[in-house]
Amino acid sequence: MALKKFWRPIIDKFQSRLSVWKAKTLSFGGRLTLIKSVLNSLPTYYMSLFKAPKGILDDLEKLRRKFLWGGDDPKSKIHWVSWPKVVAAKSDGGLGVGTLKAQNIALLTKWWWKIKTGDMCLWKECIISIHNLNKRPVTIIAKKSANGTWCNIAKAIQSLPEYDVNHQDLFTMIPSSNTSFLFWKDRWCGTLTLQERFLRLYSLEKKKLCTINDRIKTDSFNWCWKVQQMVDDVLSDFISLCSLILDAKNAILQSGAQINWSKTVPLKIRCFIWRALLDRIPVAANLEIRGIKLQSATCPLCNLEKETGDHLLINCSVAREARGWIFNWCGIKVTQFNNVIDFVNFAANWGSCPKKRERMNAIVYGLLWFVWMARNNTVFKQTRVNPAKITDEVISQTYTWFKYRTQGVKARWIDWSLSPFC
Ligand SMILES: [Zn+2]
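In what follows, the accompanying structure is described. (Residues numbered from 1 in each chain as written. Predicted model: local features only at pLDDT ≥ 70, side-chain atom pairs only at ≥ 80, totals over all residues.)

## With respect to the overall build of the chain
Here is step 1 of the chain: Along the backbone of the chain there are 20 helices and zero strands.
Here is step 2 of the chain: By the burial criterion, 27% of the 422 residues in the chain qualify as buried. (Helix = DSSP H or I, 4+ residues; strand = E, 2+ residues; numbered from the N terminus. Buried ≥ 20, exposed ≤ 12 C-beta atoms within 10 Å, placed from the backbone.)

Structural data, given as structure tokens:
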């Protein structure tokens, strides 16, 4: 799309619209509205993917300019105000039309935004692997040696400083939801990178390109320094680094959990987890808030405490016992959780192997679901609760999910029943 001839259809479209509208019959205000609403949106489709050549942008601007000042006839009209003033923002004394060049760059930059914030999809996977973006700081957008559409997009992003915009400022990282950001080189904790802020510590780091998830685990840090012991003033840097990260981490934990929407777990269960994370499941406490009268608001599993979502699924003795069995089966240390968000986040960040993490995730979702099922059976069918039965159901159901809903897990039942990480 670097050649002018490819953009011909847009110029033709612009011209055809202009001749139809008969600028002369419209007021200045009418023409301004048309320029803003219709002419601006005509090239959007092309401009959202390709960088328009300068010549084309000049031609299009010329057409808009002529139209605003009432001239679709060949006779030139007086342009009473210079075009840069017209396109300037209203706060800067203009009419807020905006230039096509700025529009083009804004649309292209959107792709970078989508790479950084959107869900994983095919185009994104391609771009990330071709340009190896996973292991690069946020400032690097494309491989130097490559060319093509994405490189033009990258160049457009690099031209943002012309507009006093630094694209790094637009991103605040959320480490729990993104594993690929670099611990030292990306901005995720305040306005500076940790490399900029803690230069001495950075020089002691063994693996300069480590990711946030390499260093921060759910309940601990995982450092890898070049030295055995730090001298005193570096140590004080280290303490401030830790407290900075802890603050950021707490803020992240409060901001909620990331749901894994992968198809391993049945959709109804994923939706249940989504509701549980938002505390929107029909437990007694939530029904009472909504004005529904109940005979009893105590937890039907333990009959001891008020039934809230976090109590039922996490803190109830039945849920805790089943969780103990499951953790035992997984061969991991039993950890305490305060609420559903904690537990789901634990699975989302567990371990370093993505395949094993996927299994852990399904197991956690399964456990929450079968505790919920046990609760419903107790309430509606008056069956007796049995943590061992919940555990058995989680083990056998997760096996079925991995066997029949995904490809790749070839475990035999006998192995699975001993450990899900066989
Ligand atoms: Zn209970």
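On we go.
## Quick word on helix H8 (residues 149–158)
The periodicity of an α-helix, 3.6 residues per turn, causes residues three or four positions apart to be oriented the same way.
Here is step 1 of the chain: Taken as a whole, H8 has its buried residues at Trp-150, Ile-153, Ala-156 and Ile-157. Around the axis of H8, the buried residues are gathered within 115° of arc, so they sit on the same side. (Arc of directions from axis to C-beta.)

## Let's talk about the packing of helix H13 (residues 267–277) against helix H17 (residues 340–348)
Here is step 1 of the chain: Contact geometry for H13 and H17: axes closest at 9 Å, N-to-C directions at 130°. The orientation of H13 with respect to H17, classified from their angle, is oblique. Of the two possible hands of crossing, H13 and H17 adopt the one that is left-handed. Residue-level contacts link Ile-273, Ala-276 and Leu-277 of H13 to Val-340, Ile-341 and Val-344 of H17.
Here is step 2 of the chain: Looking at the contact of H13 with H17, its residues break down into six nonpolar, no polar and no charged. (Axes fitted to C-alpha atoms, helices over the stretch in contact; angles between N-to-C directions. Parallel < 35°, antiparallel > 145°, perpendicular 65-115°, else oblique. Left-handed = near helix turned anticlockwise from the far one by under 90°. Contact = placed C-beta atoms within 7 Å. Nonpolar A, V, L, I, M, F, W, Y, C, P; charged D, E, K, R; others polar.)

## Concerning unusual backbone geometry
Here is step 1 of the chain: Not every positive phi belongs to a glycine, and Asn-303 is a case in point at roughly 55°.
Here is step 2 of the chain: With respect to the element layout, Asn-303 can be found in the loop between helix H14 (284–289) and helix H15 (309–315).
Here is step 3 of the chain: Although it is not a glycine, Gln-382 sits at a positive phi angle of roughly 55°.
Here is step 4 of the chain: Along the polypeptide, Gln-382 turns up in the loop between helix H18 (354–381) and helix H19 (387–405).
Here is step 5 of the chain: For Gln-382, a count of 8 C-beta atoms within 10 Å corresponds to the exposed category.

## As for the nonpolar core
Grouped burial of nonpolar side chains is what soluble globular proteins tend to show.
Here is step 1 of the chain: The biggest cluster of nonpolar side chains holds 40 residues, and the ones touching the most others in it are Leu-313, Val-364, Leu-367, Leu-368 and Val-371.
Here is step 2 of the chain: The dominant element in this core, judged by the number of residues it contributes, is H18, at twelve residues.
Here is step 3 of the chain: Apart from the residues within four sequence positions on either side, Leu-367 is in contact with Ala-322, Arg-323, Ile-326 and Val-394.
Here is step 4 of the chain: Judged by nonpolar contacts, the second largest core, of 20 residues, contains Phe-50, Leu-100, Leu-107 and Ile-157. (Core = buried A, V, L, I, M, F, W, Y, C linked by C-beta atoms within 7 Å.)

## Some details on the environment of Lys-389
Here is step 1 of the chain: Inspection of the secondary structure assignment puts Lys-389 in helix H19.
Here is step 2 of the chain: You can call Lys-389 partly exposed: it has 15 C-beta atoms within 10 Å.
Here is step 3 of the chain: The sequence separation of Lys-389 and Phe-370 amounts to 19 residues, and the corresponding C-alpha distance is 9.3 Å.

## With respect to the packing of helix H16 (residues 317–330) against H18
Here is step 1 of the chain: Two elements in contact, H16 and H18, have axes separated by 11 Å at closest approach and are oriented at 150°. Regarding the angle of H16 to H18, the classification is roughly antiparallel. Every pair of crossing elements has a handedness; the one defined by H16 and H18 is right-handed. On H18, the residues touching Ala-319, Ala-322, Arg-323, Ile-326 and Cys-330 of H16 are Ile-363, Leu-367 and Val-371.
Here is step 2 of the chain: Within the contact of H16 with H18, the residues separate by chemical class into seven nonpolar, no polar and one charged.

## Quick notes on the environment of Ile-395
Here is step 1 of the chain: Examined against the element boundaries, Ile-395 turns out to sit in helix H19.
Here is step 2 of the chain: Sequence-distant contacts of Ile-395, defined by excluding residues within four places in its chain, comprise Trp-329 and Ser-417.

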